[in-house]
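Close look at the chain arrangement
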Amino acid sequence: MSAFLGELVGTAVLIIIGGGVVAGVTLNKSKANGGGWVVITLAWGLAVTMGVFAVGNYSGAHLNPAVTFAFAITGDFPWKDMPMYILAQMLGAIIGATIVFFHYLSHFKATADQATKLGVFATIPAIRHTFSNLLSEIIGTFILIFGLLFIGANKFAEGLNPLAVGLLIVAIGMALGGTTGYAINPARDLGPRIAHFILPIPGKGSSDWGYAWIPVVGPLLGGALGGLTYKALFLGEVSVFLWITLAITAIIILLSYSTRDQVEEENQSISA
């Protein structure tokens, strides 16, 4: 299996399980309906574990453009391979989301709420506020990359690393996912959002493209910051990119605080 096919298959597995649990918990007449946030976070963690087990030996199982970008900016992955990896991840995510749609086709027909249908494919913030949502994705992905690197530094048992990574995803979801739905992965959000836009989902409504850039930019910035911070703290390797990402993040923090009174306005504009 090639690295390209590995990333495609691994990301498809990730979305089939992750998107599938959201569909099962939220769509009408599903036996899993009402399962709740704990079920969703556990299944997403297992989705990552299964994806890593499936293709880790073939591609390294990035399954996430933020991971690929973080490893490239820290010098642990060749820049020339990044476009190929990201393309494979995006295609895998679209394929995975399409499979979820057909699996739950009858339940999509039985569900009237458009936001519920979109939520199977893409993330939706609990409170819509541009800079706060962006900051949430930065923080969540920072912890993801930081965690991946310190898990990889401990050679306690290589075969258990995918399980440790899955537990990291569960922890991020339970601790930090309540704000934006913790995309922490541009392919996980953008790929299925594209599928939502393309597929003939009954009564689907908007794909919410106005929000779509946040779960792309936030994870890329947070992932880079996580990788660069790990290098600086644990290996003593300080890069100019670290200062750039810190400066950008500081600006976003300031904007998040200074525009906090606009939260109600943004949510009213969406509901209108």
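Everything numeric in this text was worked out from a predicted model, so none of it was measured.

Time to look at the packing of helix α9 (residues 186-198) against helix α10 (residues 214-235). Interhelical geometry of α9 versus α10 gives an angle of 165 degrees and a closest axis separation of 8 Å. If you check the angle between α9 and α10, you find them roughly antiparallel. For the crossing formed where α9 meets α10, the hand is left-handed. Mapping the contact onto sequence places P186, D189, L190 and R193 in α9 and P215, V216, P219 and L220 in α10.

Here we take up the packing of helix α4 (residues 82-103) against α9. Between α4 and α9, the least distance of the axes is 8 Å, while the angle of their chain directions is 55 degrees. With respect to α9, the element α4 is oriented oblique. For the pair α4 and α9, the sense of crossing is right-handed. Residue-level contacts link Q89, M90, A93, I94, A97 and T98 of α4 to A187, L190, G191, P192, I194 and A195 of α9.

Note that soluble globular proteins tend to have their nonpolar side chains buried in a common cluster. Core analysis: the biggest nonpolar cluster contains 57 residues, and W44, F108, V120, F121 and L144 have the highest contact counts within it. Discounting chain neighbours no more than four positions away, the residues touching V120 are G19, V22, A23, T26, L27, V100 and F108. Within the second largest apolar cluster, seven residues are counted, among which are L134, L135, Y211 and L221.

By secondary structure assignment, the location of D208 is in the loop between α9 and α10. With residues up to four places along the chain from it excluded, the contact list for D208 reads L118, R128 and R193.

Rules used in this analysis
- Residues numbered from 1 in each chain as written.
- Predicted model: local features only at pLDDT ≥ 70, side-chain atom pairs only at ≥ 80, totals over all residues.
- Heavy atoms only, no water.
- Axes fitted to C-alpha atoms, helices over the stretch in contact; angles between N-to-C directions.
- Helix = DSSP H or I, 4+ residues; strand = E, 2+ residues; numbered from the N terminus.
- Parallel < 35°, antiparallel > 145°, perpendicular 65-115°, else oblique.
- Left-handed = near helix turned anticlockwise from the far one by under 90°.
- Contact = heavy atoms within 4.5 Å.
- Core = buried A, V, L, I, M, F, W, Y, C linked by side-chain atoms within 4.5 Å.
- Buried < 20%, exposed > 50% of the residue type's maximum accessible area, 1.4 Å probe, protein only.

Purely geometric stuff here, so don't read any function into it on its own.
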